[in-house]
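# Structural overview for review
Here is what each chain is made of, one letter per residue.
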Amino acid sequence: MTVPRFDDLIHPATRLSLVATLAAADWAEFAFLRNGLGLSDSALSKQLTTLEDAGYVATERRLEGSRRKLRARLTEQGRDAFDGHVAALREIVDGAARVSLGADDTST
């Protein structure tokens, strides 16, 4: 069972989108992430470095012909943090829905 844990590092929209994309794949190529998220090379590099420094992402650089390629994946720690963050967001949304339903209850 996933323990809900809000994660301030993952929460900013760009990082949340990046981590969500990585959660859906084993490895993702830099170009795929850049194009899919609409980020510049430098913006994506910065986000990957931040997540890698936290232990949430692992990157691998390799040569393909004469070009250097980078790919990234979530680590187990990153996947746990993402799952916990999503669970925390679900609790927030579900709690708000319960409050809204209770506010509409005019039967009392």
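Above: the structure in question.
Residues numbered from 1 in each chain as written. Predicted model: local features only at pLDDT ≥ 70, side-chain atom pairs only at ≥ 80, totals over all residues. Heavy atoms only, no water.

### Let's talk about the overall build of the protein chain
From N to C terminus, the protein chain includes four helices and three strands. Along the protein chain, helices (α) and strands (β) appear in the sequence α-β-α-α-β-β-α when read from the amino end. Scaling as 2.2 N^0.38, a compact globule of 108 residues should have a C-alpha radius of gyration of about 13 Å, whereas the protein chain reaches 18 Å, well beyond that. The dimensions of the protein chain, computed from C-alpha atoms along their principal axes, are 75 × 30 × 20 Å. Long-range pairs, those at least 24 residues apart, make up 58% of the contacts in the protein chain with a sequence separation of at least 6. As presented, the protein chain carries roughly 7,000 Å² of accessible surface, and 51% of it is formed by carbon and sulfur atoms. Distance between charge centroids for the protein chain: 10 Å, based on 14 positive and 16 negative side chains. (Helix = DSSP H or I, 4+ residues; strand = E, 2+ residues; numbered from the N terminus. Rg over C-alpha atoms; globule rule 2.2 N^0.38 Å. Contact = heavy atoms within 4.5 Å. Areas by Shrake-Rupley, 256 points an atom, 1.4 Å probe, with all protein chains shown as cover. Lys, Arg positive; Asp, Glu negative; His and termini not counted. Charge placed at Lys NZ, Arg CZ, Asp CG, Glu CD.)

### Things to note about the pairing of strand β2 (residues 57–64)
Pairing of β2 with strand β3 (residues 67–74) involves eight bridges; the strand directions are antiparallel. When the sheet's bridge partners are listed, E60 is paired in β3 with R71. Taking the residues that link successive antiparallel strands as the turn, the β2-β3 hairpin has two residues, and the phi of G65 there is positive, at about 70°. (Pairing = 2+ DSSP bridges.)

### Focus: the sheet that holds β2
The strands that make up a sheet pair up through hydrogen bonds in the backbone, lying either parallel or antiparallel. Ordered by their spatial adjacency, three strands build an open sheet running β1-β3-β2, and the pairing between neighbours is antiparallel. The open sheet is flanked by β1 (28–29) and β2, the only strands paired with a single partner. Inspection of the sheet shows β1 paired to β3 by two bridges, in the antiparallel sense. Bridge assignment links A28 to a residue of β3, and that residue is A72. Against the sheet, helix α1 (residues 13–23) contacts β1, β2 and β3, and its axis sits at roughly 90° relative to β3. (Axes fitted to C-alpha atoms, helices over the stretch in contact; angles between N-to-C directions.)

### What to know about α1
Residues of α1 that are buried include every one of R15, L18, V19 and L22, and no others. Seen from one end, α1 has its buried residues packed into an arc of 95°, which puts them on one side. (Buried < 20%, exposed > 50% of the residue type's maximum accessible area, 1.4 Å probe, protein only. Arc of directions from axis to C-beta.)

### Observations concerning the nonpolar core
Nonpolar side chains in soluble globular proteins tend to end up buried together. Counting residues in each nonpolar core, the largest one holds 18 residues, and the members touching the most others are L18, L22, L33, L44, L48 and V57. Every element with two or more residues in this core is listed here: α1, α2 (30–37), α3 (41–53), β3 and α4 (76–104). Leaving out residues up to four positions away in the same chain, L18 has contacts with L33, L37, L44, Q47, L48 and L51. (Core = buried A, V, L, I, M, F, W, Y, C linked by side-chain atoms within 4.5 Å.)

### A few points about the environment of G36
In this fold, G36 is placed in helix α2. Residue classification places G36 among the exposed positions, given a relative accessible area of 62%.

### Brief notes about the pattern of salt bridges
Overall, the coordinates contain five salt bridges when judged by the stated rule. Between R34 and D41 there is a salt bridge; the shortest N-O distance is 3.0 Å. Judged by relative accessible area, R34 falls into the partly exposed class, the value being 24%. Here D41 falls in the partly exposed class, since its relative accessible area comes to 41%. (Salt bridge = Lys/Arg side-chain N within 4 Å of Asp/Glu carboxyl O.)

### Focus on the packing of aromatic side chains
The relative placement of two aromatic rings is captured by the distance of their centres and the angle of their planes. Under the counting rule described, the total for this entry stands at zero aromatic pairs. Sitting over the ring of W27, R71 keeps its end group 4.1 Å from the ring centre. (Phe/Tyr/Trp six-rings, centres within 6.5 Å; stacked < 30°, edge-to-face > 60°. Lys NZ or Arg CZ within 6 Å of the ring centre and 35° of its normal.)

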